[in-house]
Amino acid sequence: MEDWAGVIRIVDAADGELERRQFKAIRTTLLCAKARALGRLGRHDEAERLVTRAMGTCPRGAVDPLIVLEATRGACLSLRGDVRQGTLHLDRALASCRAIGHRYHELWIDHLQATLPGRRSGGPSADVTVPPASDVALLLSDVATILGAGHSVDLLAHRTAEILRRTPLGGRLDVGVESGRPYQPDPGATWTAEADGACTIRLSGSDRRVTLRIDGVHSLDDVTIVKSLADLARAAVSRTADVDADDDHQNLWPRGGADTDGETVFQSPRMLELLRVASRLADTNLPVLITGETGTGKEILARMIHDRSRVKRGPFVPFNCSAIPRELIESQLFGHRRGAFTGAMDSFPGVIRAAEQGTLFLDEVGDLDPAAQPKLLRFLEGGEIRPLGDTRAQHVPVRIVAATNANLEDLVAQGRFRNDLFYRIGVTRIELPPLRERKDEIPAFAALFLQRYSRECGRAGVRLGDDLIAALLLCDWPGNIRQLANEMRRVIALAADGQVLSAQDLAPDVASQWRARGPAARQDPRGPSVTIRLDQTMAAAIEELEQHFIEHALDLAGGRVADAASRLGLSRKGLFLKRRRRGLVRKPQSAG
């Protein structure tokens, strides 16, 4: 009807609700309709800004909105007077429709082209010259489309082939397509190079298989082009698989995610600031004193300082000042010569020399014997040690990091710790807060320990329940992170494969605050239930049970598939496939 102002009013009226409900694909399409209407009214700057906004709204991996966006860009450019660039974008949108057999959009774009200045329907214009491969904007557009099309084998293959055709390899490209192959739920991308110089990129997914074969790939430039495109296709399918992992950020508590070798968590603003301070100090030679309660991770932070320091290639030597008998502390630190004292049958270099060109970590330095404190002070001031029984001083370059859970100021006041040593060893201080003051990191710690101890105990599919995390948050953790780690280790060791850990699995002292809330404050552990008849096959019973679970989760989630999938412990794609198998969602129709 060409009521462009009416189009704008309709889109404006619907946009707020679409944004609230996160209907991104529909919202992208309507924003594009408004942009075309603005272009028809001559408001080209507004139209261009709206297209940019629609590009940011377009959901990753959605083919239809991507085609509408491409066609809208072409229409707006043509209406603005740039017919050449507009035609190019329209032709690209049309080619994408034909690549995936989207007849509806193909007819719509053909009709749209007929209404634009300088265009007529019937396919690509013969008087428009395709720009060379050096057109960076178009090349990046193709790359972006590939990265967003990992789930659509046909669109992925089409854009990959389009890039190849703009290179010297285009004349040697052969595209093969197979349909009706065994269903493959997850997309795949591989490439191989043969002895005769042929390279093949293979794309697969659903019941489709596409091969891109390029003959005569001999030069380094040719190999680089093929390998780069193959890597791009692999990145696209991997990016599609990562969508389910992205949804995990919407959960109330984090689940165990990718495998990690991390030892601790720095997530709260306070801990992130401490990490920044530690990183700056690591690049200096100043002694660092780390204070904090037992179990807060002082040694882990000391190792991080060492790993970021100038002596990171040297050894990291921990020494617990409270674990060595008073009479042996000096010889253990500074070493001794053979026969220096009764029982010294062999010479011993000492832990300071063992840490040469590295870091010496003095744990529980507040318990250091007062007799050894003057020697440690001399070493800190001059970098020299004199082993027991030796008359010569030896220079040993060592970085010192110390830690204590004691209040050194009180020990100085009591005369148990030298005042000058305190100021020398505490030139720079870092105080680690107890876990009860950084409870916002407990869910992340629980996820970290779940990964670590599931591997250690050989448990598979163990997950964290919401009530378990809530109980962990209510505990004060007098033993700090060490106590939390040991509790998670115990719980996981006693768990079965696939179990969802709950507050009932925790030790009584850990879950005492949770249990003290009473049954009225907690969810009924029995929860809703269903009755399953036993006079049927197991397959039928499982089908019925899954149906009840899916319907209940969707009801609780208010119809939001991502939330329902999270409640069921499924990926969003997994829930979609289960619903489609039961006829709860409609299978896509192939256009013909």
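Residues numbered from 1 in each chain as written. Predicted model: local features only at pLDDT ≥ 70, side-chain atom pairs only at ≥ 80, totals over all residues. Heavy atoms only, no water.

**Student:** Just to check I follow, could you spell out the overall build of the protein chain for this structure?
**Tutor:** Per the secondary structure count, the protein chain includes 23 helices and 13 strands. Looking at the protein chain as a whole, 42% of its 592 residues are labelled buried. Taking as baseline every contact in the protein chain between residues at least 6 positions apart, the subset at least 24 positions apart corresponds to 67%. Accessible surface, the protein chain: about 31,000 Å² in total, of which carbon and sulfur atoms supply 52%. (Helix = DSSP H or I, 4+ residues; strand = E, 2+ residues; numbered from the N terminus. Buried < 20%, exposed > 50% of the residue type's maximum accessible area, 1.4 Å probe, protein only. Contact = heavy atoms within 4.5 Å. Areas by Shrake-Rupley, 256 points an atom, 1.4 Å probe, with all protein chains shown as cover.)

**Student:** Can you walk me through the packing of aromatic side chains in this structure?
**Tutor:** Aromatic ring pairs: the centre-centre distance and the angle between the two ring planes describe each pair. Summed over the entire model, instances satisfying the criterion amount to four aromatic pairs. Geometrically, the ring pair formed by Phe-445 and Phe-449 is stacked, given 5.8 Å between the ring centres and 25 degrees between the ring planes. With a gap of four residues between them, Phe-445 and Phe-449 both fall in helix α17 (residues 442-457), about one helical turn apart. Taking the relative accessible area as the measure of exposure, Phe-445 reaches 0% and is therefore buried. Considering the side-chain rings of Phe-449 and Tyr-453, the 5.9 Å spacing of their centres and the 25 degrees angle between planes classify their relative orientation as stacked. Here Tyr-453 and Phe-449 lie together in helix α17, a separation of four residues that amounts to about one turn. Taken as a pair, Phe-449 and Tyr-453 share a single burial class, namely buried. Of the aromatic side chains, those joined through ring pairs into one cluster are Phe-445, Phe-449 and Tyr-453. (Phe/Tyr/Trp six-rings, centres within 6.5 Å; stacked < 30°, edge-to-face > 60°.)

**Student:** Can you help me understand the packing of α17 against helix α19 (residues 480-494) in this one?
**Tutor:** Packing of α17 against α19 leaves a shortest axis separation of 9 Å and a crossing angle of 45 degrees. With respect to each other, α17 and α19 are oriented oblique. The chirality of how α17 crosses α19 is right-handed. Contacts between α17 and α19 pair Phe-445, Ala-446, Phe-449, Leu-450, Tyr-453, Ser-454, Glu-456 and Cys-457 from the former with Ile-481, Leu-484, Ala-485, Met-488, Arg-489, Ile-492 and Ala-493 from the latter. Residue composition of the contact of α17 with α19, by class: twelve nonpolar, one polar and two charged. (Axes fitted to C-alpha atoms, helices over the stretch in contact; angles between N-to-C directions. Parallel < 35°, antiparallel > 145°, perpendicular 65-115°, else oblique. Left-handed = near helix turned anticlockwise from the far one by under 90°. Nonpolar A, V, L, I, M, F, W, Y, C, P; charged D, E, K, R; others polar.)

Everything listed here is a matter of coordinates, which is why it stays silent on function.
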